[in-house]
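# Architecture and fold: a report
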Amino acid sequence: MTEQTPVTEASAVKIPTLPDAQTVTSVQHWTDRLFSFRVTRPASLRFRSGEFVMIGLMGDPHPETGKQKPLLRAYSIASPSWDEELEFYSIKVQDGPLTSKLQHIQPGDEIILRPKPVGTLVHDALLPGKRLWFFATGTGFAPFASLLRDPQTYEDYDQVIVTHTCRDVAELEYGRQLIDNLRTDEMMLELLGEENLAKLTYYPTTTREESPKMGRITTLLKDGTVFADLGIDGISAETDRAMVCGSMGLNTDLKEILEGFGLDEGANSDPKHYVVEKAFVG
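Residues numbered from 1 in each chain as written. Predicted model: local features only at pLDDT ≥ 70, side-chain atom pairs only at ≥ 80, totals over all residues. Heavy atoms only, no water.

Attention shifts here to the overall build of the chain. Within the chain, the secondary structure is distributed over nine helices and eleven strands. Here the chain has a C-alpha radius of gyration of 21 Å; the compact-globule value for 282 residues is 19 Å, and the two agree. Counting only C-alpha atoms and orienting by the principal axes, one finds that the chain spans roughly 80 × 45 × 35 Å. For the chain, with 282 residues in total, the buried portion stands at 49%. Considering only residue pairs separated by 6 or more positions, the chain has 72% of its internal contacts joining residues 24 or more positions apart. (Helix = DSSP H or I, 4+ residues; strand = E, 2+ residues; numbered from the N terminus. Rg over C-alpha atoms; globule rule 2.2 N^0.38 Å. Buried < 20%, exposed > 50% of the residue type's maximum accessible area, 1.4 Å probe, protein only. Contact = heavy atoms within 4.5 Å.)

Attention shifts here to the environment of Leu-148. Mapped onto the elements, Leu-148 comes out in the loop between helix H2 (142-147) and helix H3 (151-156). Given a relative accessible area of 0%, Leu-148 falls into the buried group. Spatially, the C-alpha atom of Leu-148 lies 8.0 Å from that of Pro-80, the residues being 68 residues apart in sequence.

Turning to its location among the elements, Lys-92 is positioned in the loop between strand E5 (85-91) and helix H1 (99-102). Buried Lys-92, no salt bridge; nearest opposite-charge side chain is Asp-32, N-O distance 6.8 Å. A distance of 2.9 Å separates polar atoms of two side chains, one belonging to Lys-92 and the other to His-29. Beyond its immediate chain neighbours, meaning those up to four positions away, Lys-92 contacts His-29, Thr-31, Asp-32, Arg-33, Leu-34, Phe-35, Thr-99 and Gln-103. (Lys, Arg positive; Asp, Glu negative; His and termini not counted. Salt bridge = Lys/Arg side-chain N within 4 Å of Asp/Glu carboxyl O. Polar contact = N/O pair within 3.5 Å; in protein donor to acceptor, adjacent residues only side chain to side chain.)

Tallied over the entire structure, the rule returns zero disulfides. Looking at the unpaired Cys-166, the closest cysteine sulfur is the one in Cys-245, lying at 12 Å. Of the residues examined, Cys-166 reaches a relative accessible area of 5% and is grouped as buried. (Disulfide = S-S within 2.5 Å.)

With antiparallel pairing, the six strands of this open sheet are ordered in space as E4-E3-E6-E1-E2-E5. If you trace the sheet from one side to the other, it starts and ends with strand E4 (70-76) and E5, each paired once. Ignoring which end each strand starts from, the neighbouring axes of this sheet average 40° apart. Note: strand E3 (residues 52-58) against E4, seven bridges, orientation antiparallel. (Pairing = 2+ DSSP bridges. Axes fitted to C-alpha atoms, helices over the stretch in contact; angles between N-to-C directions.)

Once that is clear, we can look at the sheet that holds strand E11 (residues 274-276). Pairing is parallel across the open sheet formed by five strands, whose spatial order is E9-E8-E7-E10-E11. Single-partner strands in this sheet number two, and they are strand E9 (200-206) and E11. Looking at each pair of strands side by side, their axes are set apart by 10° on average, direction ignored. Alignment of strand E7 (residues 131-137) against strand E10 (residues 240-245), held across six bridges, turns out to be parallel. Paired with Leu-132 across the bridge in E10 is Arg-241. Against the sheet, helix H4 (residues 173-184) makes contact with strand E8 (159-166) and E9, and its axis sits at roughly 160° relative to E9, the strand it touches most.

Further remarks concern a nonpolar patch on the surface. Side chains of Trp-82, Met-187 and Leu-191 sit close together on the surface and give an oily, nonpolar patch of about 280 Å² of accessible area. Residue placement: Trp-82 occurs in the loop between E4 and E5. (Patch = residues over 30% accessible without salt bridge, like charges linked within 9 Å, V, L, I, M, F, W, Y side chains within 5 Å. Areas by Shrake-Rupley, 256 points an atom, 1.4 Å probe, with all protein chains shown as cover.)

Where a strand is regular, its side chains alternate between the two sheet faces. With respect to burial, E5 is a largely interior element, five of its seven residues being buried. Relative to E5, strand E2 (residues 34-40) runs antiparallel, the two being bridged by seven bridges. Residue pairing for E5: Ser-36 is matched across the bridge by Tyr-89.

Turning our attention to a negative patch on the surface. On the surface, Asp-253, Glu-256, Glu-259 and Asp-264 cluster together into a negatively charged patch. You can see Asp-253 is positioned in helix H9 (residues 248-260). Asp-253 gets classed as partly exposed once you look at its relative accessible area, which sits at 35%. (Charge placed at Lys NZ, Arg CZ, Asp CG, Glu CD.)

Here we come to the packing of aromatic side chains. In this structure the tally under the stated criterion is ten aromatic pairs. On the numbers, 3.9 Å between centres and 15° between planes, the contact of Tyr-89 with Tyr-174 is stacked. Remark: Tyr-174 occurs in helix H4 and Tyr-89 occurs in strand E5; sequence separation between them is 85 residues. Tyr-174 matches Tyr-89 in its accessibility class, with the two residues each being buried. Centre to centre, the rings of Trp-133 and Phe-135 are 5.5 Å apart; their planes meet at 10°, and the pair counts as stacked. An identical accessibility class is assigned to Trp-133 and Phe-135; each is buried. Through a chain of ring-to-ring contacts, three or more aromatic side chains come together here, namely Trp-30, Tyr-89, Phe-141 and Tyr-174. (Phe/Tyr/Trp six-rings, centres within 6.5 Å; stacked < 30°, edge-to-face > 60°.)

Right under this line is the structure:
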């Protein structure tokens, strides 16, 4: 006969209902198209700021068998590697297989998180340089939200420039608040250092709604507007390094622009002047 241990409220443990389950701790909706959320972090998970993991939910039951399969997508981890939780930043696609469901999650719900981080938007994939550029559109800001809160970003470079292009001003809010928090939150100031945060330049642009700076970042690079605005001579392989995360169109256009400046694309196994996150689409 097996000894039975009575289950008390204190000893009761919630049984995960999903494989590789993590619990949602908070959700914030930024616009009708954008939201962010935080989940518990597996104790064994180690990752480099800028990497991504596969997350998701169970799909709809099969009409004949009733079985469900995990519905997974690659999501950049928006929180830095030292954070006790994991943060994600997502679009909402009303008929999207995953985001049509994911946008309705609430604190206490569970998501699937496969704890195998990968990605090219990491410091190890770049050669040493003096100035680091982050080029993002939309939710492509997510990996840079991680890297901007990592002390190594400021220790490795004399200047850090983050550009973020969205259609509307409201879509810039997640990034704007994050950068404001870096400069005002006591913990972030202590962790990163006021002198390091002085290296950070934020350059937001919009393509549809009127804002202080209009235009696609690709256009503003080609016509020299960015350099004139920031008082920079230009981009060169000797001093500049770059990370790109956005739509496939942006990635392709920026690769051409950066290579026109003489920069070569790097990888984890072959560090060079710039890297692009190929897993991100949207």
